[in-house]
Amino acid sequence: MRDNDNILELSKLNPDYMGFIFYDKSSRYVTQTTPTLPDSIMKTGVFVNSPVEFIIDRIDTHQLRAIQLHGNESVEFCKYLKTVLHNTQIIKVFSIKDDFDFTKLTAYEPYVDYFLFDTKGKLPGGNGYTFDWSVLKNYNATKPYFLSGGIGIESLLNLKDFFNLPASEKCIAIDVNSKFETAPGLKNIELLKKFKTELAAVNLI
Ligand SMILES: O=C(O)c1ccccc1NCC(=O)[C@H](O)[C@H](O)COP(=O)(O)O
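Residues numbered from 1 in each chain as written. Predicted model: local features only at pLDDT ≥ 70, side-chain atom pairs only at ≥ 80, totals over all residues.

Looking at an unreviewed UniProt entry, one finds the protein chain named N-(5'-phosphoribosyl)anthranilate isomerase, with Neptunitalea lumnitzerae as its source organism. As stated in UniProt under Pathway (unreviewed entry), the record for the protein chain gives "Amino-acid biosynthesis; L-tryptophan biosynthesis; L-tryptophan from chorismate: step 3/5." (UniProt positions renumbered as here; feature names shortened; annotations may be inferred.)

A.B. asks: Please clarify how the overall build of the protein chain should be interpreted in this entry.
C.D. replies: When you go through the protein chain residue by residue, the secondary structure sums to five helices and nine strands. Ordering the α and β elements of the protein chain from the N terminus gives α-β-β-α-β-α-β-β-β-α-β-β-β-α. Its C-alpha radius of gyration of 16 Å places the protein chain within 12% of the 17 Å reference for a compact globule of 205 residues. Viewed in the frame of its principal axes, the protein chain has a C-alpha envelope of about 40 × 40 × 30 Å. (Helix = DSSP H or I, 4+ residues; strand = E, 2+ residues; numbered from the N terminus. Rg over C-alpha atoms; globule rule 2.2 N^0.38 Å.)

A.B. asks: How should the UniProt feature "domain: N-(5'phosphoribosyl) anthranilate isomerase (PRAI)" (unreviewed entry) in the protein chain be read in this particular structure?
C.D. replies: UniProt annotation of "domain: N-(5'phosphoribosyl) anthranilate isomerase (PRAI)" (unreviewed entry) refers to residues 5–195 when read in the numbering used here. As annotated, residues 5–195 comprises 22% helix and 21% strand, and the C-alpha atoms at either end are separated by 20 Å.

A.B. asks: Any chance you could explain unusual backbone geometry here in plain terms?
C.D. replies: Across the chain, the bulk of peptide bonds are trans and the bulk of non-glycine residues have phi less than zero. In this model, Asn-49 sits at a positive phi of 50°, which is unusual for a non-glycine residue. Mapped onto the fold, Asn-49 is located in the loop between β2 (42–47) and α2 (52–62). Although it is not a glycine, Gln-63 adopts a positive phi angle of roughly 50°. Locating Gln-63 in the fold gives a position in the loop between α2 and β3 (66–69). Assessed through the 11 C-beta atoms surrounding it within 10 Å, Gln-63 is described here as exposed. (Buried ≥ 20, exposed ≤ 12 C-beta atoms within 10 Å, placed from the backbone.)

Dropping the structure here:
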């Protein structure tokens, strides 16, 4: 998110996490100062193959409490981050096209707090497409995960079905983005409110 009034307005909906993109090729790239958020919201920085110094600088400048690694960050990179970041959650993202080899997650498990599964597309994130969530039936890691990629208000029934499947057992969050925007980085608060109400109505939150 980029617009401070929009950020503060959205924070009133009390999401668990709010994301700020620190990837200079994204139309959502954050270059401005960002407001302090309520303690209940994890302010999250999204990075794509960024150097450690850049990540630490953004954590300090924006008081980030979580980082979402959206590039090809290695196990060694995550291991190093875990040793230098003490109070920052690490969310490692993997993008899925058709199938996914979940065994590759094992080596990351000791060094990350969560995994996030997004849809593989032209851009490292924010593509607006869903992947076939049924691949998550093969999820065999122990860490909880976030579900992401093209989730919109029209996804409600699919989400309801998904959360009835064993594949969703370790899914603790859904991550939404472009389907709730009026412009890149500018969220449609009314649509998000509606989504939240509809999720609550089917007991998904
Ligand atoms: O949103 C971006 O511009 C972006 C750019 C580079 C890396 C990650 C990015 N977004 C990360 C997200 O967590 C998105 O919420 C996720 O990719 C889902 O986006 P969407 O498919 O638009 O719902």
